[in-house]
Amino acid sequence: MAQVSLNSIRKVYPNGFEAVTPSSFDIKDGEFVVLVGPSGCGKSTLLRMIAGLEDITSGDLHIAGRQVNHVDPADRDIAMVFQNYALYPHMTVRRNIGYGLKNRKTPKAEIDRKVEEAAALLNLSDYLDRKPSQLSGGQRQRVAMGRAIVRDPALFLFDEPLSNLDAKLRNQMRIEIKALQKRLGVTSIYVTHDQVEAMTMADRIVVLNAGRIEQIGTPSEIYHSPASTFVASFMGAPPMNLVQAQFQDGAVRLPCGTAVLDAPTSRRGPITLGIRPEDVRLGQGQTAFDVHLVEELGAHRLLHGQIAGQPFTAHVVKDTIASPGAHVVDLPRAALALFDTQTGARL
Amino acid sequence: MKRAGFTTHWLPILLLMPQLSIIIVFFYWPAAEAVQSSFYLEDPFGFGSTFVGLENYTDLAGNAEYRRIAWFTVIFTALVTFFSLALALLLAVKADKVIRGARSYRTLIMWVYAVAPPVAGFVGVMLFNQSWGPLTRAFQSLGHDFVLGVNYSDTAFAMVLVSVWKQVPVNFIFFLSGLQSIPKSVREAALIDNRSASGRFWDVTFPLLAPTGFFLLIINITYALFDTFGVIDTLVKGEPGNNPMTLVYKVYVDGFRGNDLGGSSAQSVILMVLVLALTVFQFRLVERRIHYT
Ligand SMILES: Nc1ncnc2c1ncn2[C@@H]1O[C@H](COP(=O)(O)OP(=O)(O)OP(=O)(O)O)[C@@H](O)[C@H]1O
Ligand SMILES: [Mg+2]
């Protein structure tokens, strides 16, 4: 049974701006779905419609088999973690975590027990009597998590919960949140614009662009078979190389004339070639690669340069000797993706 | 923060001079005069004065009328403060719902702040105009002959009403900006945690408004005690007669109408001590407790 189901959900803001075009997808019980996309693509809008903080312009939203379009946020059986934590500044950590339970007529003893339990799980036991202002960013983040898990909701919603933390803490919390979610088995929707978070945390990724769903798939599907040039260039660091090429004389040829792929002679016209930097083989084949810059990353190196006058990046392991200058590369056929130059869609 | 240091003592003193001289000439000097003359019995016709020690103060303590006025002042202050704050809060909460995010509205309402106090006071007095004031008429239609400035309780009622009327816009603006400074996400978190709107108000909004509310409480008490002088003067038209009045007005009546400068000074000194106490109280509490950052 689908735990959450969106059916042609659309959002038009009062000023007439269509932030989310009709979008549909289902989320299975216990699944961790990440909504990812560039700033302003409508991730938060979509999440907030699911939370009930924003009206749904049209479409159907079901949570646990119940239509909830017009149900109050408090009655949707959801919990949300906000980007700036949104803790109640005047309440202690204990009351912050317990507040949602108190309003659901939970007996006092049970609230206390659940709060202690959640605090223990999140290493917050020593801070229960502090106010949020007396906590570090990471601890506030945990309190926000505690407030969500203590309620034992049907659905967790996260809106960029880690973006206010420093890089190290972010990595640590990322792992903790994922582990916690697996352990509790609660269906989760997680919004981020960080594709590393998306890749590492998601069971399934929904890539959004300008209010439209570009692709839905597992991290591996999204990475290895992007459905469009947008997904190809958004996911992955560095992103997939996109090179303009032509169908010509029964082959896909780079502007310099090098044939990289056989093709039916009937096809003509421009095409976009995609290849991940780590699939490029340096020192083989006969495609000329002009390296301008070598980026040393410790475990590996990135060679930035041009192929046929177009920007191109290759990824090589750490002991490959490479210096700026003229090189040759092989673009293995199996690793090549072809996109329609006009629409950006995969062929 | 980095502190800048002065190399000499003269520059800072020089820079403070204009402000200091104003305070000294218009505040400390008259205050000292008041303290001094509170120990003297002034001849009503200006022929010298006699040192009487604390007699002016002990006279006040034994004066039944003074105690009655003090008591009235307490009740008056409590009523004005309570209703000014409560009404303003109610209006601010309603307005906040409408104008969340809409900047043009906010600017419109801000104008009230600049215009309201004098105009509101004037309009308030108009409401009780003996011949055509709408409130006077309303009372008439209820069978009560409302006579401002003659009937004690009628005058007291008008004093409270006009004072509240004048203060509500000020409180409203402060409450509104207090409400608007509550982060949107905190309200939204509450929306998910609590389905009852009144529950959310008392558990989240109200406590977060407490710093604003406390600040306004002190401001309003001070207002009711001192700044209502103009309202009272307009309403009783300088004819104390059987009318209610507050301690500040009594200072004026005794000093300038009764020519009892000594007694009047003693009353001012008492009021100064009261202001001092309020200020200390405000600093202690505001600085220490009600802060959530
Ligand atoms: N209340 C509103 N009225 C009109 N337009 C809005 C409103 N809120 C958001 N938008 C617009 O809708 C679009 C999507 O906004 P949204 O907040 O969902 O983006 P987002 O994907 O969460 O971006 P970010 O990563 O920056 O948080 C944006 O272009 C934004 O300008
Ligand atoms: Mg957002």
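Just so it is clear, the structure is predicted and the values come from calculations on it, not from any experiment.

> I'd like a description of the overall build of chain A, backed by residues and values.
Within chain A one finds 8 helices and 19 strands. Expressed along its principal axes, the backbone C-alpha trace of chain A runs to roughly 75 × 45 × 35 Å. Taken over 347 residues, chain A has a buried fraction of 52%. Across chain A, every contact between residues at least 6 apart in sequence was considered, and the portion connecting residues at least 24 apart equals 64%. About 15200 Å² of surface is accessible on chain A, with carbon and sulfur atoms providing 49% of the total. Separation of charge centres in chain A, based on 38 positive and 36 negative side chains, amounts to 4 Å.

> Could you give an account of the interface of chain A and chain B, naming the residues involved and the relevant values?
Contact residues are listed per partner, giving 23 residues for chain A and 19 residues for chain B. Summed over both sides, the interface of chain A with chain B buries roughly 1900 Å², with 56% coming from carbon and sulfur. Our count for the contact surface shared by chain A and chain B stands at 4 salt bridges. Here R48 of chain A ties to E188 of chain B by a salt bridge, and the two come within 2.8 Å at their closest N and O atoms. Counting residues per element, the side of chain A that touches chain B draws most heavily on helix α2 (residues 93-102) of chain A, at 3 residues.

> Which residues make up empty space enclosed by the protein, and what values go with them?
According to the stated counting rule, one finds 2 cavities of 30 Å³ or more in the structure shown. For the largest cavity, the full set of lining residues is A79, M80, F82, Y88, A144, R147, A148 and R151 of chain A together with A189, I192 and D193 of chain B. For the lining of the largest cavity, the secondary-structure elements that each account for two or more residues are β6 (78-81) and α4 (137-149) of chain A together with α7 (184-193) of chain B. Classifying every residue of the lining of the largest cavity gives 8 nonpolar, no polar and 3 charged. One number sums up the size of the second largest cavity: a volume of about 30 Å³. Residue lining of the second largest cavity: V243, L254, L273, I275, F312, L331 and L336 of chain A, and that is the complete set. A per-class count over the lining of the second largest cavity returns 7 nonpolar, no polar and no charged.

> Requested: an account of unusual backbone geometry, with residues and values cited.
Glycine aside, the phi torsion of most residues is negative, and most peptide linkages are trans. Residue and element names in this part refer to chain A. A cis amide bond links A237 to the next residue, P238, at an omega of 0°. One can find P238 in the loop between α8 (229-234) and β11 (241-248). One non-glycine residue, E160, adopts positive backbone phi at about 40°. Overall, the relative accessible area of 10% leaves E160 in the buried class.

Reading the values: rules and limits
- Residues numbered from 1 in each chain as written.
- Chains lettered and ligands numbered in written order.
- Predicted model: local features only at pLDDT ≥ 70, side-chain atom pairs only at ≥ 80, totals over all residues.
- Heavy atoms only, no water.
- Helix = DSSP H or I, 4+ residues; strand = E, 2+ residues; numbered from the N terminus.
- Buried < 20%, exposed > 50% of the residue type's maximum accessible area, 1.4 Å probe, protein only.
- Contact = heavy atoms within 4.5 Å.
- Areas by Shrake-Rupley, 256 points an atom, 1.4 Å probe, with all protein chains shown as cover.
- Lys, Arg positive; Asp, Glu negative; His and termini not counted.
- Charge placed at Lys NZ, Arg CZ, Asp CG, Glu CD.
- Buried area = accessible area lost by both parts, 1.4 Å probe.
- Salt bridge = Lys/Arg side-chain N within 4 Å of Asp/Glu carboxyl O.
- 1 Å grid on protein atoms, 1.4 Å probe; cavity = no way out; pocket = protein on both sides within 12 Å on 5 of 7 lines; lining within 4 Å.
- Points joined across faces, edges and corners; volume = space filled by probe spheres on them.
- Nonpolar A, V, L, I, M, F, W, Y, C, P; charged D, E, K, R; others polar.

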